[in-house]
Amino acid sequence: MFADVLLPLMLPGTFTYSVPQAVAATLRVGSRVLVQFGRKKLYTAIVVLLHDRAPQGYEVKEILGVLDAEPIVRHPQLRLWQWVADYYMCSPGEVYRAALPAGLKVESETSVSGNADFEEDAGHRLTDTERAMLDIVAQRGKVKVDELAAAAGVKDAMHIVNKLLSLDAVHVSERVVDSYRPKTEVCVRLTLPRDDEAALHRLFDELQRARKQELLLLAYLDLSRWTLRSAEPVEVTREALLARAEVGPAILQALVKKGCFETYKRAVNRFADAGRVTQAPAELSDAQLTALNEVHQCFKQHDITLLHGVTGSGKTMVYMHLINEVLARGNQVLYLVPEIALTTQLTRRLRSVFGDRLLVYHSRFGDNERVDIWRRLLSSHEPMVVLGVRSSVFLPFARLGLVIVDEEHDSSYKQQDPAPRYNGRNVAMMLARMHGAKTLLGSATPSIEMYRHALSGNYGLVKLTTRYGDLELPDVVVVDTREARRRKEMTGTFTKQLLVLCRQALAAGEQIILFQNRRGYSPMVRCRDCGWVPHCDNCDVALTYHKYTHSLTCHYCGFTRSVPTVCPACEMPNIDIVGYGTERIEDEVERAFPEGKISRMDLDTTRSKSSYDRIIDEFSSRATNILVGTQMVTKGLDFDGVSVVGILNADMMIHFPDFRASERAFDMLEQVAGRAGRAHHRGKVVIQTSQPDNEVIRQVVAHDYEAFYEHELAEREKFGFPPYCKLINIQLKHRDKSVIDAVSCEYAALLRTVFGSRVYGPEAPAVGRVQNQFIRQVMLKLESGVSMQKVKALMRQLYEQQLAANALTKQVRFNYDVDPV
Ligand code: ADP
Ligand code: ZN
Ligand code: ZN
């Protein structure tokens, strides 16, 4: 028997291995197996097909081991992986790598052992280092490469090991470590045979003068129901035992030493303490109830429905009622949000209703927790709701009934790097379709593409036009910064109007959110005299200044250096820090409002899950009253004390050179405005801009999504952008500038022979070199009617036939990005 397996590599297709007799009867599709691929490398592969057709033309290797008694991946998942690989033009192996939590991907560590038959011959005399290494290996038997390096006192041990390998002086083997560890707790048991009452009596006699030990024994007998012969004794944890006996661990230690007790570890269910605190979700308002009924109506005719609800309309509440119904029917729900930041508040809201039927899945959870969630879904068909970010689409659902994609328009749903460069929203829609489940998309500012589908009748459309509690949408004020500057009414980044509103809010005990767009505002360092700006050694970008570490960092590759005290170009000691990063705004706010308590939320302050939670908690509980942040503060967060929202500079958003710039700007402004005035009174939003007459800004002031949509769609049609066409970006990378220039030109010319004027480029992107790799882009713009499957097949064919075999072009990395965002 043979197995076709998927390797977690960039290579296309599957690979065939033979199945050892011993496991032939039990091996199943979806199981993980260990195989050797390449010279000495071991990989965890997934079986995708079992058959009896021996491959021709090469010698088949045998599967080295089977890692699972039961398959770890379900059939529908494998189908979804293949769909993602085809659609987004990557290998199924890359999808596999993205889909499985790291804890299910076995790592291998190389160790070295000696070859007893090896004899040094005259052809090659060993060097001293080589001989020293062989001695160490001979003494210790089996040594890991890094330990060997340490023992021999050399840096590049791998190099020497390779040499010894080529001489056949050593063997290497891979020690496989499964990095998954179940959570355990320590349990205690009595070592006596249970039916030997005499022995128990003797033990009591023995402990007569050790009162505390006796107490412990009594507590154990009680907790374990030792004397209740009708059933197995109950497992007793060390913690529970010590608590019941009210004694310290030393007492138990003494009894273990005497040999009458022993301890052992037991795997625990991480979900046991989540609690089953299920209660009904809050009652819906009339508007929400109408919306819910309309969703049901739409689902009768459409598998996909868009819920367009203004900020604060209570879309979450509608979702919760819908989820409740689906769970009651015994089905599972996937609830997607674009960013981890959103799961914190939602988890709390959902937990109180769904209890331990809620699973939360994202990368800020430990790996073991993610494996546990994976296994739990795999082993049960229970109704459950999974809240997660885009990678949750790859979980092993068994009975999916509903997929909710909240903030559907958000560009964070798209994975940029590495492959698969997929859009979580679109994959979720495909996942739902494969399961025969319904999809509900939700947004206050739907994406142009989805709204068009909804208007054209492809999808259902439901609108929620009023805020919950009949709250008004916030009052948006536009302040002209050019004018303010002319009148000298600006203090740093703040206009007078914004400062006044903030003061009033603080005086009234209300809260403030200040938003600074991430793009283009990273603070950097510049020489006042000659204009010198420090750049990354590996990338074509200026380094960003970080106040807390007083250092300069590259946001593309992590390169870091200290801030020079004198300019390396002109040797003058006048180095300035320029730009408006959130750190700098935090400083300004501190000076302007010494009484304010400030939190900053951006990529730098939220590296860990607990820091997200802390910042959100502090602001929710009003321990802080000013929140300064980037994109992260715009999305779906729900704080009821915020009366003022300040958008410090809207200019960069409007003028980004990208056909989606207006859409992004509208979304972002409307979303961040939506944080204002949610519970008590109408909030105020201040937009600072040098272009108060801009179309997008006027639409935000009027909260007029429809007007924005009409205008934007007309623009897209005029200039031929999605949804009026389909885009594929091809990114080429290579270390050598002349190679990348030659190959990208050759490639574009080649594409033009097939696709003609639909090909644009090659072009260098805004950052033309990253991590010492030069980058060029070629873009393919295709009419909406064209068969994308055919286009992709042609592109693959072109690459295989013309480029893959060529020594030069083969070295260039080709990254495909389908539907770039
Ligand atoms: P959206 O996601 O549409 O912006 P949310 O679902 O966050 O809005 O709701 C906004 C606020 O209104 C939240 O604080 C929520 O608790 C409250 N809310 C919405 N609907 C109800 C309801 N039916 N009963 C009680 N509170 C509600
Ligand atoms: Zn200088
Ligand atoms: Zn860099």
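The model shown is predicted, which means the values in this text are computed figures rather than measured ones. Position labels on residues start from 1 in each chain and follow its written sequence. Chains and ligands are labelled by the order in which they are written, letters from A for the one and numbers from 1 for the other. Side-chain atom pairs in this predicted model are given and counted only at pLDDT of 80 or more, local residue features only at pLDDT of at least 70, and totals for whole chains, interfaces and linings cover all residues. Hydrogens are left out, water is left out, and the side-chain values use all remaining heavy atoms of the structure.

(A) Representation of the sheet that holds strand β1 (residues 2-6) within the structure. Any two strands with at least two DSSP bridges between them are considered paired. In this description a helix means any DSSP run of H or I spanning at least four residues, a strand means any run of E spanning at least two, and both kinds are numbered starting from the N terminus. Across the sheet, five strands lie side by side as β2-β1-β4-β3-β5; this open sheet has antiparallel pairing. The open sheet has two edge strands, β2 (15-18) and β5 (65-66), and neither has a second partner. Looking at chain direction, β1 and β2 are connected through four bridges and run antiparallel. What sits directly across from V5, in β2, is F15.

(B) Geometry of the coordination of the zinc ion (ligand 3). Looking at the zinc ion (ligand 3), one finds its protein donor set to be C536 (SG), C539 (SG), C554 (SG) and C557 (SG), positioned 2.2 to 2.3 Å from the metal centre. Each metal's donors are the N, O and S atoms within 2.8 Å of it, or within 3.2 Å when it is Na, K or Ca, and because water is not part of the set, sites may look incomplete. Labels for metal geometry use angle windows, namely 85 to 135 degrees for all angles of a four-donor tetrahedral site, and for square planar (four donors) or octahedral (six donors) sites opposite donors over 155 degrees apart plus all others within 65 to 115; sites meeting none of these are irregular. Note that the zinc ion (ligand 3) binds four donor atoms; their angles at the metal cover 103 to 113°, and the shape is tetrahedral. Counting the intervening residues between successive donors of the zinc ion (ligand 3) yields the motif C-x2-C-x14-C-x2-C. Note that C536 is positioned in the loop between β23 (524-527) and β24 (544-546) and C554 in the loop between β25 (551-553) and β26 (560-562), a separation of 18 residues in sequence.

(C) How the structure looks around the packing of helix α2 (residues 75-87) against helix α15 (residues 424-435). Where α2 meets α15, the axes come as close as 11 Å, and the angle between the chain directions of the two elements is 140°. Taken as axis vectors, α2 and α15 run oblique relative to one another. α15 is crossed by α2, and the crossing has right-handed handedness. For the pair α2 and α15, the contacting residues are P76, R79, L80, W83 and V84 in the first and N426, V427, M430, L431, M434 and H435 in the second. A class-by-class count of the residues in the contact of α2 with α15 yields eight nonpolar, two polar and one charged. Axis definition: a line fit to C-alpha positions, over the contact stretch in the case of helices; interaxial angles, taken between N-to-C directions, run 0 to 180 degrees. Roughly parallel here means an angle under 35 degrees, roughly antiparallel means over 145, roughly perpendicular means 65 to 115, and every remaining angle is called oblique. By convention, the crossing between two helices is left-handed when the near helix turns anticlockwise from the far helix through less than a right angle, and right-handed when the turn is clockwise. In this description, contact between two residues means that some pair of their heavy atoms is separated by no more than 4.5 Å. Basically, the charged four are Asp, Glu, Lys and Arg, the nonpolar ten are Ala, Val, Leu, Ile, Met, Phe, Trp, Tyr, Cys and Pro, and anything else, Gly included, counts as polar.

(D) Summary view of the nonpolar core. Among buried residues, the Ala, Val, Leu, Ile, Met, Phe, Trp, Tyr and Cys ones that are joined through side-chain atoms within 4.5 Å form a nonpolar core. Buried residues are those whose accessible area, probed at 1.4 Å on protein chains only, stays under 20% of the maximum for their type, while exposed residues exceed 50% and partly exposed ones sit between those limits. W81, Y335, I728, Y747, M795 and F814 are the most contacted members of the largest nonpolar core, which totals 163 residues. If we ignore the near neighbours within four places in the chain, the residues touching Y335 are T316, Y319, I323, L346, L350, V385, V386, L387, G388, I404 and D406. Counting residues in each nonpolar core, the second largest holds 23 residues, with L190, L216, W226 and L255 among its members.

(E) Seen up close, the pairing of β23. Side chains V525 and C527 project from β23 onto a buried face, and the interleaved M524 and R526 project onto a face without burial. Alignment of β23 against strand β27 (residues 575-578), held across four bridges, turns out to be antiparallel. Paired with M524 across the two strands is V578, which belongs to β27.

(F) Structural detail: the site of ligand 1. Every one of the 17 residues lining ligand 1 counts as a neighbour, but E283, Q288, G312, T316 and D638 are closest to it. Here a polar contact means two N or O atoms within 3.5 Å. Within protein one must be a hydrogen donor candidate and the other an acceptor candidate, and residues neighboring in sequence count only if both atoms are side-chain atoms. For ligand 1, an oxygen atom lies 3.0 Å from a polar atom in the backbone of G314. Within the backbone of K315, a nitrogen or oxygen atom sits 2.9 Å from an oxygen atom of ligand 1. For the area figures, the Shrake-Rupley method with a 1.4 Å probe applies, and any residue is considered shielded solely by the protein chains shown. Protein coverage of the free-state accessible area of ligand 1, which is 560 Å², stands at 80%. A per-element tally of the shell around ligand 1 places helix α12 (residues 315-328) first, with three residues. Residues that form the shell around ligand 1 fall into these classes: five nonpolar, seven polar and five charged. Put simply, a residue is near a molecule or strand once any heavy atom of it comes within 4 Å of that molecule or strand.

(G) Structural detail: the pattern of salt bridges. Here, a salt bridge means any Lys or Arg side-chain nitrogen found within 4 Å of an Asp or Glu carboxyl oxygen. Across all of its chains, the model carries 32 salt bridges by this definition. The salt bridge involving R189 is made with E262; its shortest N-O contact spans 2.9 Å. Here E262 lies in strand β11 (residues 261-267) and R189 lies in strand β9 (residues 184-190), a separation of 73 residues in the sequence. Exposure remark for E262: the relative accessible area of 33% places this residue in the partly exposed category. One salt bridge in this structure joins E483 and R487, with 3.2 Å as the shortest N-O distance. Members of the salt-bridge network, linked through shared partners, are E185, E235 and R266.

(H) Just the packing of aromatic side chains, in detail. To pair, rings of Phe, Tyr and Trp, with the six-membered ring standing in for Trp, must have centres within 6.5 Å; the planes then decide the type, stacked if under 30 degrees apart, edge-to-face if over 60, and tilted in the middle. One pass over the structure, following the stated rule, counts 19 aromatic pairs. Between the aromatic rings of Y220 and F261, the centroid separation amounts to 5.2 Å while the plane-to-plane angle is 80°, which identifies the pairing as edge-to-face. Here Y220, found in helix α8 (residues 211-224), pairs with F261, found in strand β11; they are 41 residues apart in sequence, far enough to count as distant. With a relative accessible area of 2%, Y220 lands in the buried category. Using a relative accessible area of 2% as the deciding quantity, one classes F261 as buried. Measuring from ring centre to ring centre gives 4.3 Å for F666 and F708, while their planes differ by 5°; the resulting arrangement is stacked. Note that F666 is positioned in helix α22 (residues 661-673) and F708 in helix α24 (residues 705-719), a separation of 42 residues in sequence. Cluster of aromatic residues (ring-pair linked, three or more members): Y451, F666, Y705, F708 and Y709.

(I) Layout of a negative patch on the surface. A cluster of acidic residues, D117, E119, D121 and D168, forms a negative patch at the surface. Here D121 shows up in the loop between β6 (107-114) and α4 (128-140). Taking relative accessible area as the criterion, D121 reaches 47% and is therefore assigned partly exposed. Each patch is built from residues that are more than 30% exposed by relative accessible area and take part in no salt bridge. Like charges join if they lie within 9 Å; nonpolar side chains (Val, Leu, Ile, Met, Phe, Trp, Tyr) join within 5 Å. Counted charges follow a simple rule, with Lys and Arg positive, Asp and Glu negative, and His plus the chain ends left uncounted. To locate a charge, the coordinates of NZ of Lys, CZ of Arg, CG of Asp or CD of Glu are taken.

(J) Summary view of the sheet that holds strand β15 (residues 385-388). The strand order across the open sheet built from seven strands is β14-β15-β13-β16-β17-β12-β18, with neighbouring strands paired in parallel fashion. Two strands close off the open sheet at either side, each with one partner strand: β14 (358-361) and β18 (460-464). When strand polarity is set aside, the average angle formed by the axes of neighbouring strands in this sheet is 20°. Pairing of strand β12 (residues 304-309) with strand β17 (residues 438-443) involves five bridges; the strand directions are parallel. Each bridged residue has a counterpart across the sheet, and for L307 the counterpart in β17 is G442. Along the sheet, helix α11 (residues 286-301) makes contact with β12, β16 (400-405), β17 and β18, crossing β18 at roughly 180°.

(K) The arrangement of the packing of α2 against helix α3 (residues 92-99) in detail. One can describe the packing of α2 onto α3 by two numbers: an axis separation of 8 Å at closest approach and a directional angle of 120°. Classified by the angle between their axes, α2 and α3 sit oblique to one another. Along this stretch, α2 crosses α3, giving a crossing that reads as right-handed. Residues W81, Q82, V84 and A85 of α2 lie in contact with α3, whose contacting residues are P92, V95, Y96 and A99. Here the contact of α2 with α3 is composed, by residue class, of seven nonpolar, one polar and no charged.

(L) Seen up close, the confidence of the model for the protein. Per-residue pLDDT for the protein has a mean of 86; in total, 92% of the residues score no lower than 70. pLDDT is a per-residue confidence score from the predictor, ranging from 0 to 100. Scored below 50 in pLDDT, residues 272-277 makes nine contacts in the model with residues more than four places away or belonging to other chains.

(M) The arrangement of the environment of M668 in detail. Residue position: M668 is located in helix α22. Residue class for M668 comes out buried when judged on its relative accessible area of 13%. In this structure, the C-alpha to C-alpha distance between M668 and T445, residues 223 residues apart in sequence, is 9.0 Å.

(N) Examining helix α10 (residues 249-258) more closely. Taken together, the buried positions of α10 are occupied by I251, L252 and L255. Projected down its long axis, α10 shows its buried positions confined to an angular sector of 95°, all on one face. Seen from the open side of α10, the exposed residues pointing more than 90 degrees away from its buried face are P249, A250, Q253 and K257. Its buried side turned inward, α10 meets β9, α8, α9 (238-245) and β11. Looking one or two residues beyond α10, the residue adopting positive phi is G259, at roughly 90°. What the arc describes is the spread of directions from the helix axis to the C-beta atoms.

(O) Structural detail: unusual backbone geometry. Cis geometry is adopted by the peptide bond preceding P418, which originates at D417 and carries an omega value of -5°. Mapped onto the elements of the fold, P418 is located in the loop between β16 and α15. Cis geometry is found at the peptide bond from A419 to P420, where omega equals 0°. Notably, D470 is not glycine yet its phi reads approximately 55°, a positive angle. On the secondary structure map, D470 appears in the loop between β18 and β19 (475-480). With a relative accessible area of 68%, D470 lands in the exposed category.

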